[in-house]
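Overview (structure and organization)
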Amino acid sequence: MSSLASPRIAFIGGGNMAQALITGLKQRDFPMQQITVIDPDASKHNQLQKNLGVRTAQAMTAETLQVDVIVLAVKPQQLKAVADSLAPYLQTQLVLSVAAGIRTADLSRWLNGYHTLIRTMPNTPAQIQAGVTGAYALASVSESQRLLADSLLQAAGEVVWLADELQLDAVTAISGSGPAYVFLLIEALTDAGVALGLDQAQALQLSLATFKGASLLASSSKTPVATLREQVTSKGGTTEQGLLSLNQHNIHAIMQHAAQQAANRAKTLGDELGGQ
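Residues numbered from 1 in each chain as written. Predicted model: local features only at pLDDT ≥ 70, side-chain atom pairs only at ≥ 80, totals over all residues. Heavy atoms only, no water.

1. Digging into the pairing of strand β4 (residues 69-72)
Remember that side chains alternate between the two faces of the sheet whenever the strand is regular. Heads up, the rule is: In this scheme, a residue with accessible area under 20% of its type's maximum is buried, one over 50% is exposed, and one in between is partly exposed, where area comes from a 1.4 Å probe on protein chains only. Working definition: helices are DSSP H or I runs of at least four residues, strands are E runs of at least two. Numbering for both runs from the N terminus. Only strands joined by at least two bridges in the DSSP assignment are considered to pair. By definition, the crossover connecting two strands over a helix is right-handed if that path, from the first strand to the second, turns clockwise as seen with the strands pointing away from the viewer.
Every second residue of β4 is oriented toward a common face, with Val69 and Val71 on one face and Ile70 and Leu72 on the other, all of them buried. As judged from the 4 bridges shared by strand β1 (residues 9-12) and β4, these two strands associate in the parallel manner. Counted as the bridge partner of isoleucine 9 is valine 69 from β4. Here β4 runs beside strand β5 (residues 94-97); their pairing, made up of 4 bridges, is parallel. Note on β5: the bridge partner recorded for isoleucine 70 is valine 95. Of the crossover connections in this fold, the one passing from β4 over helix α3 (residues 79-86) to the parallel β5 is right-handed.

Structure (structure tokens):
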């Protein structure tokens, strides 16, 4: 094995999430020759080599898996078959899964009882290194391996470590599905702007800049979000009227219900996928 200061990494699967992580690592000047992407789709290989400078392979071998970290970046429905093929090659490597819904107990079982596992839930803004990832490590993962995983995942954005794997269903509901909620709100605010007489481009520009600016302000300020909201809301002013309408429609209950439904579905998918 190589030194953990410059680890060797094998990505199994070369799709969007793998490319997001690798792009983030490249921007941090990680040596690309230390990364191998294993993907049966040979049509991806030239693009990966040209754009990212990584090594590629079509199949798992003892040589390609002589690494420090193996990132499972395949669709959840493919993971059992991948795990069956991977199991004979495991020695001391850290296995990091970005496959949604697959619990560590099921993945470990598919890997013939292997326990050096970290399960993660990233989100799509990882594609521009602005994501956030929930992560849970089994007790068999060493502190140095956990730090290595943290460094790898930070290439795609922020990382939130969880003490209980069950919390990953909540992470899925909030940050995993959350970008879609935000996109929906941007759509709705844009449509409202058009209804008030703006053209589509103007309404979209205003909506995007508003979400971006408000998020940056909230994340860079020590002021609680509720206080920031209050600071925009003058007594008897325009914002107060808009918020009154949202509260009359019980915006908090709507968001809580949406998140609960997403979390319930995450649990159900985990049950279904893990039953293989």
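From this point, the discussion proceeds with the structure in view.
2. Structural notes on the nonpolar core
The cut-off we apply is this: Only buried Ala, Val, Leu, Ile, Met, Phe, Trp, Tyr and Cys residues count toward a nonpolar core, and they belong to the same one when joined by side-chain atoms within 4.5 Å. Between two residues, a contact is recorded if the distance between any of their heavy atoms is within 4.5 Å.
Ranked by size, the top nonpolar core spans 32 residues in total, and within it Ile9, Phe11, Ile35 and Val71 carry the most contacts. Counting residues per element, the ones that place at least two in this core are β1, α1 (16-27), β2 (35-38), α2 (45-52), β4, β5, β7 (131-137) and α5 (143-154). In terms of residues, this core owes the most to one element, α1, which gives 5 residues. If near-sequence neighbours (up to four positions away) are discounted, phenylalanine 11 is found in contact with Ala18, Leu21, Ile22, Ile35, Thr36, Val37, Ile38, Val71 and Leu152.

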